[in-house]
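The primary structure of each chain is shown beneath.
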Amino acid sequence: MDGVTITLAFLVFAIIMFVWEKIPLSITAMIVAVGLVLTGVITPKEAFAGFVDSNVLLFMAMFIVGAAFFETGMAQQVGGLVTKFAKTERLLIVAVMTITGVMSGFLSNTGTAAVLIPVAIGLAQKAGFKKAKFLLPLVLASAMGGNLSLIGAPGNMIAQSGLAKINLSFGFFDYALIGLPVLVVGIIYFVLIGYKLLPDEPTRETEDTYEGTPDYSHVPTWKKWMAAIVLVATIVGMIFEKQLGVKLYVTAWIGALVLVATKTISETAAVKSIDMKTILLFVGSLALAGALVKTGAGAVVADTIIGMLGDHPSPFLLMSVIFILSAILTNFMSNTATTALLVPIGISLAQQMGADPKAVLMATVIGGSCAYATPIGMPANTMVYNIAGYTFMDYMKAGTPLIVVSTIVSLILLPIFFPFYP
């Protein structure tokens, strides 16, 4: 068999096993990675490159920063302040999703989620609420918030780079024309509908990396302040990444190392806070995404679906298919890889039709951010999989309707703000 066939076979295998969940997702992902190596589709270096991927390095460090913020009791103190204003789980969902969405518009989605996960757990514990009701809305808000600005997500910049090659560009807040309404509707969805679809209790055994002692009175005040200061400094460093010239994951590791060096968090606790199941799941998924791009299997899937529309599809139909295709692919490969895969195809199709490439690429990017229905759609989804004790079907139940809602909102607004023939 050729590389395309083998890769597609592994993709089908992964989807079936992720849904079936007879073996842990992390093991399934690594089976796929090793299988792709043994069949010669990718090299060992390509299969395991995820261990030094910038996203993996970022959330490894943020696990430590977040753990310090939690173990010193600062997350609970922040939670106490918020619960004074939001007395119900639904109001807290609104607060958590709003804060996450806004921060994600200007920060790394993964970094934002990693920073706020311990805060959300603190909120739940402080108020006696169920954390399973908070964590999925939180990470999905980070995906929606990534579309509030040009720098909100890597996919945004990939589309911008594609446009630059044909002397076009998006404005800094162009994505927000679609992204902000999607975020607002997403918050309303979770308050009214999604809340009921989330489990009340973990649906499987949890391994909470932020689980600690409820009584924090023994923790020295200086440690609490150190945890808070490092967290804020880390966020500020991420905001000014370009000005400082320091990568997000480097900033995160500086914060983590300061916390360990000052003994704000012990070395043992720091290492324990890093969830290797999360790392393995992400690494294996990256290997599959890399194979889809390398062999052209992903392009075959995209071209086949788009080709079914005929030689002269209507602009709205083409936009709808591109959006839906992006939304489907992004739930099984990274949203960045999905965007990178479809951007050149989208530009080519737009040029062939004499349409505005910005319309096609906006549909691609927004659709590619709808990674709501699986724990592997984006790194933030993966991070809460073990912490909250979710199953694959928990993501499907709460995330699939959100994809439908986001699709409807986007397909109403896209032709208005980004017409095919302006």
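This text goes with the structure placed above it.
Owing to the predicted nature of the structure, the values given are computational and were not obtained by experimental measurement.

Help me understand the overall build of the protein chain, please; the structure alone is not making it clear to me.
Scanning the protein chain from N- to C-terminus turns up 21 helices and zero strands. In summary, the protein chain has a C-alpha radius of gyration of 21 Å against a globular reference of 22 Å for 422 residues, a match within 12%. On the principal axes, the C-alpha backbone points of the protein chain span a range of 70 × 50 × 45 Å. Across the 422 residues that make up the protein chain, the buried fraction comes to 57%. Considering only contacts within the protein chain whose residues lie at least 6 apart along the sequence, 80% involve residues at least 24 apart. When the accessible surface of the protein chain is split by element, carbon and sulfur atoms take 70% of a total near 16900 Å². For the protein chain, the centre of its 22 positive side-chain charges and the centre of its 21 negative side-chain charges are spaced 7 Å apart.

Even after reading the chapter, I still don't get the packing of helix H17 (residues 315-329) against helix H21 (residues 392-417), so can you show me in this structure?
Two numbers describe a pair of packed helices, the interaxial angle and the distance between the axes. Across the interface, H17 lies against H21 with an axial gap of 11 Å and an inter-helix angle of 145°. Judged by the sense of rotation from one axis to the other, the crossing of H17 with H21 is right-handed. Counting all contacts with H17, which are made through Phe-316, Met-319, Ser-320, Phe-323, Ile-324 and Ala-327, the residues of H21 involved are Ile-403, Ser-406, Thr-407, Ser-410, Leu-411, Leu-414 and Pro-415. In the contact of H17 with H21, the residues fall into nine nonpolar, four polar and no charged.

How do you make sense of the packing of aromatic side chains when you look at a structure like this?
Geometry of an aromatic ring pair is reported as the spacing of the ring centres plus the angle between the planes. Enumeration over the complete set of coordinates arrives at seven aromatic pairs. Between the aromatic rings of Tyr-385 and Tyr-395, the centroid separation amounts to 6.4 Å while the plane-to-plane angle is 35°, which identifies the pairing as tilted. Within this pair, whereas Tyr-385 is found in helix H20 (residues 379-387), its partner Tyr-395 is found in helix H21, the two being separated by ten residues in sequence. Residue Tyr-395 is classed as buried on the basis of its relative accessible area, which comes to 0%.

I'm lost on helix H8 (residues 135-145) in this one. Help?
Within an α-helix, residues lying three or four positions from one another point in the same direction, as the helix has 3.6 residues per turn. Most of H8 is tucked away, with eleven of its eleven residues classed as buried. Along H8, the residues classified as buried are Leu-135, Leu-136, Pro-137, Leu-138, Val-139, Leu-140, Ala-141, Ser-142, Ala-143, Met-144 and Gly-145.

How should I be thinking about the nonpolar core in this particular structure?
Soluble globular proteins tend to bury their nonpolar side chains together. If you look at the biggest cluster of nonpolar residues, it comprises 145 residues, and the most contacted ones within it are Leu-135, Leu-140, Phe-190, Tyr-372 and Leu-414. Among residues more than four places away in sequence, those in contact with Leu-135 are Ile-117, Ala-120, Ile-121, Val-384, Ile-387, Ala-388 and Tyr-390.

Could you clarify how one ought to interpret the side chain of Thr-100 in this entry?
Along the chain, Thr-100 turns up in helix H6 (residues 89-104). When its relative accessible area of 0% is taken as the criterion, Thr-100 is described as buried. Ignoring anything within four residues of it in the chain, the contact list for Thr-100 reads Thr-112, Leu-116, Leu-138, Ala-141 and Ser-142.

Where do I start with the packing of helix H9 (residues 154-164) against helix H19 (residues 357-368) in this structure?
Remark: H9 packs on H19, axes separated minimally by 10 Å, with the N-to-C direction vectors making an angle of 160°. On the basis of their axis angle, the class for H9 and H19 is roughly antiparallel. Crossing of H9 over H19 shows right-handed handedness. Of the residues in H19, those in contact with Gly-155, Asn-156, Ala-159 and Leu-163 of H9 are Pro-357, Lys-358, Leu-361 and Val-365. Its residues assigned to classes, the contact of H9 with H19 comprises five nonpolar, two polar and one charged.

Got a minute to help me understand H21 in this structure?
Along its 26 residues, H21 runs 35 Å from first to last C-alpha, staying within 8% of the 38 Å computed at 1.5 Å per residue. A maximum bend of about 30° is found in H21 at Gly-399, where proline Pro-401 lies one to four positions downstream.

I'm lost on the pattern of salt bridges in this one. Help?
Note on pairing: side chains with opposite charge can pair once their charged atoms come close. Counted according to the given criterion, the structure contains one salt bridge. Residue Lys-294 pairs with Glu-46 through a salt bridge whose shortest N-O separation is 2.9 Å. Of this pair, Lys-294 sits in helix H15 (residues 276-295) while Glu-46 sits in helix H3 (residues 44-47); the two residues are 248 residues apart in sequence, bridging distant segments of the chain. Note on Glu-46: relative accessible area 37%, which makes it partly exposed.

About the criteria used
Position numbers for residues count from 1 along each chain, tracking the sequence in the order it is written. Note on the predicted model: pLDDT of at least 70 is required for a residue's local features to be given, and 80 or more for side-chain atom pairs to be given and counted; whole-chain, interface and lining totals, by contrast, use all residues. Side-chain descriptors were evaluated using all non-hydrogen atoms of the structure, hydrogens and water having been removed beforehand. By definition, any uninterrupted DSSP run of H or I lasting at least four residues is a helix, any uninterrupted run of E lasting at least two residues is a strand, and each is numbered from the N terminus. This radius of gyration counts C-alpha atoms alone. The globule rule is 2.2 Å times how many residues there are, raised to the power 0.38. Each residue is assigned to one of three classes by its accessible area relative to the maximum for its type, calculated with a 1.4 Å probe on protein chains only: buried under 20%, partly exposed between the two thresholds, exposed over 50%. Any two residues whose heavy atoms approach within 4.5 Å at even a single point are treated as in contact. Computed with the Shrake-Rupley method and a 1.4 Å probe, the accessible areas treat only the protein chains shown as cover for residues. Charge convention: Lys and Arg are scored as positive, Asp and Glu as negative, and His as well as the terminal groups of each chain are ignored. For this purpose, a charge sits on NZ of Lys, CZ of Arg, CG of Asp or CD of Glu. Axes here mean lines fitted to C-alpha atoms, for a helix over just the part in contact, with angles spanning 0 to 180 degrees between N-to-C directions. Crossing handedness follows the turn of the near helix against the far one: under a right angle anticlockwise gives a left-handed crossing, and clockwise gives a right-handed one. In this classification, Asp, Glu, Lys and Arg are treated as charged, Ala, Val, Leu, Ile, Met, Phe, Trp, Tyr, Cys and Pro as nonpolar, and every other residue, Gly included, as polar. Two aromatic rings, drawn from Phe, Tyr or Trp (for Trp, its six-membered ring), form a pair once their centres lie within 6.5 Å of each other, and the interplanar angle then sorts them: stacked below 30 degrees, edge-to-face above 60, tilted otherwise. In this text, buried Ala, Val, Leu, Ile, Met, Phe, Trp, Tyr and Cys residues form a nonpolar core when linked through side-chain atoms within 4.5 Å. Angles below 35 degrees are treated as roughly parallel, those above 145 as roughly antiparallel, those between 65 and 115 as roughly perpendicular, and all remaining angles as oblique. How far a helix is expected to stretch is found by multiplying one less than its residue total by 1.5 Å. Here the bend at a residue is taken as the angle between two axes, fitted respectively to the seven residues that end there and the seven that start there. Salt bridges are identified by distance alone: a Lys or Arg side-chain nitrogen within 4 Å of an Asp or Glu carboxyl oxygen.

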